Amino acid sequence: MCSSSQYSGCNPDGKYYVGQTEHWQRQPLLTIAESRMRWLTLAKVFQIGMGLVGVKKWMAGGVCCSKARLDGKTVLITGGNTGIGKETAVDLARRGARVILACRDMDRANKAAEDVRKRSGNDSVIVKKLDLASLQSVRQLAKDILASEERLDVLINNAGILSCPKWQTEDGFEMQFGVNHLGHFLLTNCLLDLLKKSAPSRVVNVSSLAHERGQIDFNDINQEKDYHPWKSYSQSKLANVLFTRELSNRLQGSGVTTYSLHPGVIRTELGRHFWPTMPLWKRAVYTPLMFFIKSPTEGAQTTIYCAVEESLQNESGLYYSDCAPKTAAPQGLDDEAAKKLWDLSASMVGLT
């Protein structure tokens, strides 16, 4: 038997209603079971939210914890006007380094340099012209650096192109192989004497997990017979790993150490050629997953780690991911292929 009052009442179904007892209302007071269900729902939503945050944090990967200072040291970063290159520049400038941004688009590079100066509090950030799709531009930058810089402590080969159409460089090379590998191969070799003079110094090559799917096609290095954007990209990233390995072998005892790395899947402009080619339904599926992809700051951590971590001083030629050593794919450990690629690359850029 339910009791009645001025403000509540019940009807034969046993539920209480708000209002005068003589005027039944449509809004029932929450029963204990309904209230409990609502709290359980809220708790479940909170649990899911915390789980998503946890997954995002896990996807962010390792963080470079080194406190190393770079006062008096000079760092050159290719493609440092955007993405992980720019975030790497900010971090190294904060450590006191003189930072050189080597970029193709000078307007964007100058704007990026100004932002790096403001964020780092370091005015020693300069811009140099570099088009990795032109061997002449690469040689001109190297000539400029050798004439203007007394030292070079860290060279970070960061710039790259991903999954572009079948384009050629100024010198007739397949674009991705030419920019991602050959341009950096030539630049590094042209600056080796300055790096040796500045020893201990480092060469950091930004590769990718995509190297695991790569194969060096020595019979069709420019993919003239069967071009596929991802196949070409994977070949160029494998070339980065092999170049790092062979360069390390050739620099033993010089004080110059080499590192290749996978930065992670990152929200940058690198996918500007790839994203528009995807079917609309794929973009719809992938868009929500962007929440979990690394930011440029998170993606820059392994590059920074390889550039400054003190414990790596005596390590060389290895591959890293999430601020830790990682075993490269079997084809990235092939010393014979690494030497063969070196000889071919040297011939292609005119070093022999």
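Everything below is about the structure shown above.
Here goes a summary of the coordinates provided. (Residues numbered from 1 in each chain as written. Predicted model: local features only at pLDDT ≥ 70, side-chain atom pairs only at ≥ 80, totals over all residues. Heavy atoms only, no water.)

## Examining the overall build of the protein chain
Piece 1. Across its full length, the protein chain holds eleven helices and ten strands.
Piece 2. Classification of the 352 residues of the protein chain by burial places 48% in the buried group.
Piece 3. Pairs at least 24 residues apart make up 74% of the contacts formed inside the protein chain by residues separated by at least 6 positions.
Piece 4. Just so you have it, the protein chain exposes about 18200 Å², and 55% of that area is on carbon and sulfur atoms. (Helix = DSSP H or I, 4+ residues; strand = E, 2+ residues; numbered from the N terminus. Buried < 20%, exposed > 50% of the residue type's maximum accessible area, 1.4 Å probe, protein only. Contact = heavy atoms within 4.5 Å. Areas by Shrake-Rupley, 256 points an atom, 1.4 Å probe, with all protein chains shown as cover.)

## As for the pairing of strand β6 (residues 154-157)
Piece 1. Burial of the side chains of β6 extends over both faces: V154 and I156 are buried on one face and L155 and N157 on the other.
Piece 2. Where β6 meets strand β7 (residues 201-206), four bridges bridge the pair, whose relative direction is parallel. If you follow V154 over to β7, its bridge partner there is R202. (Pairing = 2+ DSSP bridges.)

## A look at the sheet that holds strand β9 (residues 318-321)
Piece 1. Strand order in the open sheet formed by eight strands is β5-β4-β3-β6-β7-β8-β9-β10, and the pairing between neighbours is mixed. Across the chains shown, the open sheet's two edge strands, defined by having one partner strand only, are β5 (125-129) and β10 (324-325).
Piece 2. Of the strands in this sheet, β3 (74-78), β6 and β7 are in contact with helix α5 (residues 175-190), which crosses β6 at around 170 degrees. (Axes fitted to C-alpha atoms, helices over the stretch in contact; angles between N-to-C directions.)

## Some thoughts on the packing of α5 against helix α11 (residues 335-349)
Helices that pack against each other are described as a pair by the angle of their axes relative to one another and the distance between those axes.
Piece 1. Taken N-terminus to C-terminus, the directions of α5 and α11 make an angle of 85 degrees; their axes are 10 Å apart at the nearest point. The angle between α5 and α11 places the two elements in the roughly perpendicular class. Each of F177, H181, L182, F185, L186 and N189 in α5 lies in contact with α11, whose residues at this interface are L341, W342, S345, A346, M348 and V349.
Piece 2. The residue makeup of the contact of α5 with α11, split by class, is nine nonpolar, three polar and no charged. (Parallel < 35°, antiparallel > 145°, perpendicular 65-115°, else oblique. Nonpolar A, V, L, I, M, F, W, Y, C, P; charged D, E, K, R; others polar.)

## Concerning the packing of aromatic side chains
Piece 1. Per the counting criterion, the structure on display carries six aromatic pairs.
Piece 2. Ring centres of F185 and W342 lie 4.9 Å apart, and the angle between their planes is 75 degrees; this geometry places the pair in the edge-to-face category. One end of the pair, F185, is in helix α5; the other, W342, is in helix α11, and 157 residues separate them in sequence. Here F185 matches W342 in class, with each residue buried.
Piece 3. Aromatic rings pair up to connect F185, F243 and W342 into one cluster. (Phe/Tyr/Trp six-rings, centres within 6.5 Å; stacked < 30°, edge-to-face > 60°.)

## What about the pairing of β5?
Piece 1. Bridging between strand β4 (residues 98-103) and β5 involves five bridges; their strand directions are parallel. Across the sheet, the residue bridging to L101 is V127, located in β5.
Piece 2. Crossover β4 to β5 through helix α3 (residues 106-120) is right-handed. (Right-handed = clockwise from strand over helix to strand, strands pointing away.)

## Considering the pattern of salt bridges
Piece 1. Under the defined criterion, the tally for this structure stands at 15 salt bridges.
Piece 2. A salt bridge links E149 to R98; the nearest nitrogen and oxygen atoms lie 2.8 Å apart. Pair noted here: E149 is in the loop between α4 (135-148) and β6 and R98 is in strand β4, with a separation of 51 residues, a long-range link.
Piece 3. The salt bridge involving R245 is made with D335; its shortest N-O contact spans 2.6 Å. Residue R245 is found in helix α7 (residues 229-250), and its partner D335 is found in helix α11; the two are separated by 90 residues along the sequence.
Piece 4. Accessibility expressed as a relative area gives 22% for R245, which makes it partly exposed.
Piece 5. By relative accessible area, which is 38% here, D335 ends up partly exposed.
Piece 6. One salt-bridge network, held together by shared partners, links K86, E87, D115 and R119. (Salt bridge = Lys/Arg side-chain N within 4 Å of Asp/Glu carboxyl O.)

## Considerations on helix α2 (residues 83-94)
Piece 1. The end-to-end C-alpha distance of α2 is 17 Å, a good match for the 16 Å that twelve residues give at a rise of 1.5 Å each.
Piece 2. Here α2 has its buried residues at G83, I84, G85, K86, E87, T88, A89, V90, L92 and A93.
Piece 3. With its phi angle positive at about 100 degrees, G96 sits one or two positions after the end of α2. (Expected span 1.5 Å × (residues − 1).)

## Brief notes about the side chain of N180
Piece 1. Structurally, N180 is set in helix α5.
Piece 2. Only 2.9 Å separates the side chain of N180 from the backbone nitrogen of I161, close enough to count as a polar contact.
Piece 3. Beyond its immediate sequence surroundings of up to four residues, N180 is in contact with A159, G160, I161, M175, Y233, S236, K237 and N240. (Polar contact = N/O pair within 3.5 Å; in protein donor to acceptor, adjacent residues only side chain to side chain.)

So yeah, pure geometry; function would need other evidence.
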